[in-house]
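Each chain, letter by letter, is given below.
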Amino acid sequence: MFHKEYPNARRFELPEVQPLRGRSLEETILSRRSRRNYSKEPITMEELSRILFFSVGITGKIGRYYLRAYPSAGALAPVEVYPLIERATDSDLKGIYHYNSLEHCLEEIRKGSYIDELVEICYHQDFIRNAPICLILTVFEKRTRSKYGRRAKRYVLLDAGHAGENIYLECEFLGLSTCAIGAFDDEALCSLLEIDPEEEYPVLCYPISRRSKH
Ligand SMILES: Cc1cc2nc3c(=O)[nH]c(=O)nc-3n(C[C@H](O)[C@H](O)[C@H](O)COP(=O)(O)O)c2cc1C
């Protein structure tokens, strides 16, 4: 099946993850909220790995189709995730990466600090600035269009919504804060990610941080 990867990019393995015991699913759903008070404290690579795996990671396979943590029309999995890392402990990664779900690793797209640029792209929603990590979700609509034609437009957005709810729930489960951000300048975000809007476009951003004490 089609799988997006950056074969020439530097790769960074993510820690392997196993399910943790803890709060029940129902308690997690009850307490989930969009949280906008972020702390500058770094996120660990283990936490980032858990959030990626339990939101869009590969959790099964049927024939040639890889199945994900989120349900997907035709199992075509159009959701791509680009972590923007500003501060992470146990790593000196700072930049924009692509999550390669098949290898469970990060592929480097560009190094450097991009959080100020992202705040501007999100129409100056200033609370994003403190987030040590932000996940940017895109949909590769062309992939779903090859099977579903015009219906692909709605399917890819539904897929992304399912993946996004997983991000919310995993963050809540880990005691972290996040908030879906749908207000941004499409063109500017496509060029930050170096993606071609004809085949793939951004749908949501999820700044993630430890809970701020104040
Ligand atoms: C598609 C979508 C786009 C959103 N965009 C933004 C946004 O740009 N900025 C923001 O602060 N919150 C945004 N939110 C969060 C909503 O404001 C929030 O989910 C809503 O107020 C309900 O609160 P709750 O998530 O705590 O239940 C968005 C949520 C969704 C689902």
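Shown above is the structure to which this text applies.
First things first, this report covers the structure right here in the doc. Nothing here was measured: the structure is a model prediction, and the numbers come from that model. (Residues numbered from 1 in each chain as written. Predicted model: local features only at pLDDT ≥ 70, side-chain atom pairs only at ≥ 80, totals over all residues. Heavy atoms only, no water.)

1. Topic: the packing of aromatic side chains
For step 1, the next point in the chain: The tally for this structure, following the rule as stated, stands at five aromatic pairs.
For step 2, the next point in the chain: Ring centres 5.1 Å apart and planes at 85° place the aromatic pair Phe53 and Phe54 in the edge-to-face group.
For step 3, the next point in the chain: Geometry around Tyr168 places Arg32 over its ring, the cationic atom sitting 4.7 Å from the centre. (Phe/Tyr/Trp six-rings, centres within 6.5 Å; stacked < 30°, edge-to-face > 60°. Lys NZ or Arg CZ within 6 Å of the ring centre and 35° of its normal.)

2. Things to note about the packing of helix α2 (residues 45–56) against helix α5 (residues 152–174)
For step 1, the next point in the chain: Contact geometry of α2 with α5 gives a least axis separation of 8 Å together with a crossing angle of 140°. With respect to each other, α2 and α5 are oriented oblique. For the pair α2 and α5, the sense of crossing is right-handed. In contact with Glu47, Arg50, Ile51, Phe54, Ser55 and Val56 of α2, α5 contributes Ala163, Asn166, Ile167, Glu170, Cys171 and Leu174. (Axes fitted to C-alpha atoms, helices over the stretch in contact; angles between N-to-C directions. Helix = DSSP H or I, 4+ residues; strand = E, 2+ residues; numbered from the N terminus. Parallel < 35°, antiparallel > 145°, perpendicular 65-115°, else oblique. Left-handed = near helix turned anticlockwise from the far one by under 90°. Contact = heavy atoms within 4.5 Å.)

3. Some remarks on the pattern of salt bridges
Note on pairing: side chains with opposite charge can pair once their charged atoms come close.
For step 1, the next point in the chain: Evaluated as defined, the whole model comprises 19 salt bridges.
For step 2, the next point in the chain: Between Arg210 and Glu41 there is a salt bridge whose closest N-O contact spans 3.2 Å. With Arg210 in strand β11 (residues 201–210) and Glu41 in the loop between α1 (25–31) and β2 (43–44), the pair connects residues that are 169 residues apart, well separated along the chain. (Salt bridge = Lys/Arg side-chain N within 4 Å of Asp/Glu carboxyl O.)

4. Looking at the sheet that holds strand β5 (residues 79–85)
For step 1, the next point in the chain: The strand order across the open sheet formed by seven strands is β1-β8-β7-β5-β9-β11-β10, and the pairing between neighbours is antiparallel. Each edge of the open sheet carries a strand with a single partner, namely β1 (11–13) and β10 (176–178). The mean angle between the axes of side-by-side strands here comes to 30°, regardless of whether they run parallel or antiparallel.
For step 2, the next point in the chain: The sheet contact formed by β5 and strand β7 (residues 95–100) spans two bridges and is antiparallel. Bridge assignment links Ile85 to a residue of β7, and that residue is Gly95. (Pairing = 2+ DSSP bridges.)

5. A short note on the side chain of Lys4
For step 1, the next point in the chain: Among the structural elements, Lys4 can be located in the segment before β1.
For step 2, the next point in the chain: Side chain to side chain, Lys4 and Tyr82 meet in a polar contact 2.8 Å long.
For step 3, the next point in the chain: Within the structure, the side chain of Lys4 is placed 2.7 Å from the side chain of Glu200, a separation counted as a polar contact. (Polar contact = N/O pair within 3.5 Å; in protein donor to acceptor, adjacent residues only side chain to side chain.)

6. Here we look at the environment of Leu193
For step 1, the next point in the chain: In this structure, Leu193 sits in helix α6 (residues 186–193).
For step 2, the next point in the chain: For Leu193, a relative accessible area of 0% gives the class buried.
For step 3, the next point in the chain: Residues Leu193 and Arg150, 43 residues apart in the sequence, show an inter-C-alpha distance of 25 Å.
For step 4, the next point in the chain: With near-sequence residues (within four places) excluded, Leu193 lies in contact with Tyr82, Ile96, Ile109, Ile136 and Thr138. (Buried < 20%, exposed > 50% of the residue type's maximum accessible area, 1.4 Å probe, protein only.)

7. Focus on the site of the ligand
For step 1, the next point in the chain: In the region of the ligand, the neighbouring residues are Arg32, Arg33, Ser34, Arg36, Gln125, Phe127, Cys179, Ala180, Ile181, Gly182, Ala183 and Leu204.
For step 2, the next point in the chain: The contact in question runs from an oxygen atom of the ligand to an N or O atom on the side chain of Ser34, over 2.6 Å.
For step 3, the next point in the chain: Between Gly182 and the ligand, the recorded distance is 2.9 Å, taken from a backbone N or O atom to a nitrogen atom.
For step 4, the next point in the chain: Within the complex, the protein chains bury 54% of what would otherwise be the 620 Å² of accessible surface of the ligand.
For step 5, the next point in the chain: The class makeup of the residues in the shell around the ligand is six nonpolar, three polar and three charged. (Near = heavy atom within 4 Å. Areas by Shrake-Rupley, 256 points an atom, 1.4 Å probe, with all protein chains shown as cover. Nonpolar A, V, L, I, M, F, W, Y, C, P; charged D, E, K, R; others polar.)

8. What about α5?
For step 1, the next point in the chain: If you check α5, its first and last C-alpha atoms are 33 Å apart, about what 23 residues at 1.5 Å a residue would give, namely 33 Å.
For step 2, the next point in the chain: Where α5 terminates, the next one or two residues include Gly175, which has phi positive at roughly 75°. (Expected span 1.5 Å × (residues − 1).)

9. What to know about the pairing of strand β4 (residues 65–68)
For step 1, the next point in the chain: In this structure, strand β3 (residues 58–62) lies alongside β4, joined through four bridges in antiparallel fashion. Its bridge partner being in β4, Gly60 is matched across the sheet by Leu67.
For step 2, the next point in the chain: Connecting β3 to the next strand, β4, in antiparallel fashion are two residues, including Gly63 with a positive phi near 55°.

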